[in-house]
Amino acid sequence: VVIYYSQAGGTKKIAQGIQKGIISQTGQCDLVRVKEIKPEELERYDLIGIGAPSWSSCPSPLVIYFCKSLPSTLKDKHFFWFSTHGTLPGRCIIRGVQPLQEAGMTVIGWRDWYCDSSLPGHGKPWFTDGHPDAIDLAEAESFGKTMAVHSRKISEGKTDIIPTLHSKEASDQIWGIGHPFIAMGGEM
């Protein structure tokens, strides 16, 4: 199942691409808005993807609340995280993956994509206008395929393909602190 929250439709498009990739490997994959599924309903799935847009370097609060409400009975399931953002993901990936890991869930991958955005005080066009585009959607489909294949391999005992989440400090070095002004060297 691919669970998502989408405010303007970009995260939904990425979720649909991921779903398409999983279907190509498994023959089926449900696509559900986070508001339309209860955590206890996830018992029937083996692979669970959760995605959200990034707001100021954080996943949307609704999705974080959902992740923190997952029952411990899901620890034998495989999870993956995805997010969309307008400028930089900042710590969004960490803030999405870490609650899952802290709850004992097996997170087998994560990924982020650009989407349309607008920032107060910034004119248009913005460099993310038109995203997700065809390339982004092809990448989402490929990510879905990879998650399905990795889930199968991990179930067969190949646990060395489970990635390690980078530290907050490493994320900050790669993406900046999360605010575009700070990421460009400004101080707040």
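Here, the structure is the one placed above.
Once a new chain begins, its residue numbering starts again from 1 and follows that chain's sequence as written. Owing to the predicted nature of the model, reporting of local features is limited to residues with pLDDT of at least 70; listing and counting of side-chain atom pairs is limited to 80 or more, with chain, interface and lining totals taken over all residues. Remark: hydrogens and water are excluded; side-chain values derive from all non-hydrogen atoms of the structure.

Participant: Describe the pairing of strand E3 (residues 47-55), with residues and values.
Facilitator: Within E3, eight of the nine residues are buried, leaving the element largely enclosed by the surrounding structure. Paired strands, in this sense, are two strands between which DSSP finds at least two bridges. Strands are runs of DSSP state E lasting at least 2 residues, helices are runs of H or I lasting at least 4, and numbering of each runs from the N terminus. Two elements, strand E1 (residues 2-4) and E3, share three bridges in a ladder whose sense is parallel. Across the sheet, the residue bridging to Ile3 is Ile50, located in E3. One ladder, built from seven bridges, connects E3 with strand E5 (residues 78-85); its direction is parallel. Counterpart to Ile50 in the pairing with E5 is Trp81. Sheet topology note: the E3/strand E4 (residues 58-59) ladder contains two bridges and is antiparallel. For Ser54, the partnering residue across the bridge sits in E4 and is Pro59. Exposure is judged per residue with a 1.4 Å probe applied to protein chains only, and the accessible area is read against the type maximum: over 50% gives exposed, under 20% gives buried, and values in between give partly exposed.

Participant: Summarise the side chain of His85; cite the residues concerned and give the values.
Facilitator: Turning to its location among the elements, His85 is positioned in strand E5. Whether two residues are in contact is decided by their heavy atoms: any pair within 4.5 Å suffices. Apart from residues lying up to four places away in sequence, His85 is in contact with Ser54, Asp112, Trp113, Tyr114 and Cys115.

Participant: For a negative patch on the surface, give the residues involved together with the corresponding values.
Facilitator: The grouping of Glu40, Glu41, Glu43 and Asp76 at the surface amounts to a negative patch. With respect to the element layout, Glu40 can be found in the loop between strand E2 (31-33) and E3. Residues enter a patch when their relative accessible area is above 30% and they make no salt bridge; the linking distance is 9 Å between like charges and 5 Å between nonpolar side chains (Val, Leu, Ile, Met, Phe, Trp, Tyr). Each accessible area is a Shrake-Rupley result for a 1.4 Å probe, and residues are judged covered by the shown protein chains and nothing else. By definition here, a salt bridge exists when the distance from a side-chain nitrogen of Lys or Arg to a carboxyl oxygen of Asp or Glu is within 4 Å. Positive charges come from Lys and Arg alone, negative charges from Asp and Glu alone, with His and the N- and C-terminal ends not counted. Every charge is mapped onto a representative atom, which is NZ of Lys, CZ of Arg, CG of Asp or CD of Glu.

Participant: Describe the nonpolar core, with residues and values.
Facilitator: Within this scheme, the nonpolar core is defined by two criteria: the residues are buried Ala, Val, Leu, Ile, Met, Phe, Trp, Tyr or Cys, and they are joined through side-chain atoms within 4.5 Å. Residues Ile3, Leu42, Ile50, Leu70 and Phe79 are the most contacted members of the largest nonpolar core, which totals 26 residues. Where this core is concerned, the elements lending two or more residues are E3, helix H2 (61-68), E5, helix H3 (92-102) and strand E6 (106-114). If you tally residues by element for this core, the top one is H3, at four residues. Apart from residues no more than four positions distant in its own chain, Phe79 is found in contact with Ile48, Ile50, Leu70, Leu74, Leu100, Met105, Thr106, Val107, Ile108 and Gly109. Counting 17 residues, the second-largest nonpolar core is a separate cluster that includes Ile14, Leu47, Phe80 and Met147.

Participant: Before we move on, could you go through the packing of aromatic side chains and cite the residues and values that matter?
Facilitator: Aromatic rings from Phe, Tyr and Trp, with only the six-membered ring used for Trp, were paired whenever their centres fell within 6.5 Å, and each pair was classed as stacked if the ring planes differed by under 30 degrees, edge-to-face if by over 60, and tilted otherwise. For the coordinates displayed, the defined rule picks out three aromatic pairs. Relative to Phe82, the ring of Phe80 has its centre 6.4 Å away and its plane inclined at 35°; by these criteria the two rings are tilted. Pair check on accessibility: Phe80 and Phe82 agree, each one buried. Pairing Trp113 with Phe143 gives two aromatic rings, centres 5.8 Å apart and planes at 75°, and the pair type is edge-to-face. In this pair, Trp113 is assigned in strand E6 and Phe143 in helix H4 (residues 134-155), connecting sequence segments 30 residues apart. For the pair shown, Trp113 and Phe143 are each scored as buried.

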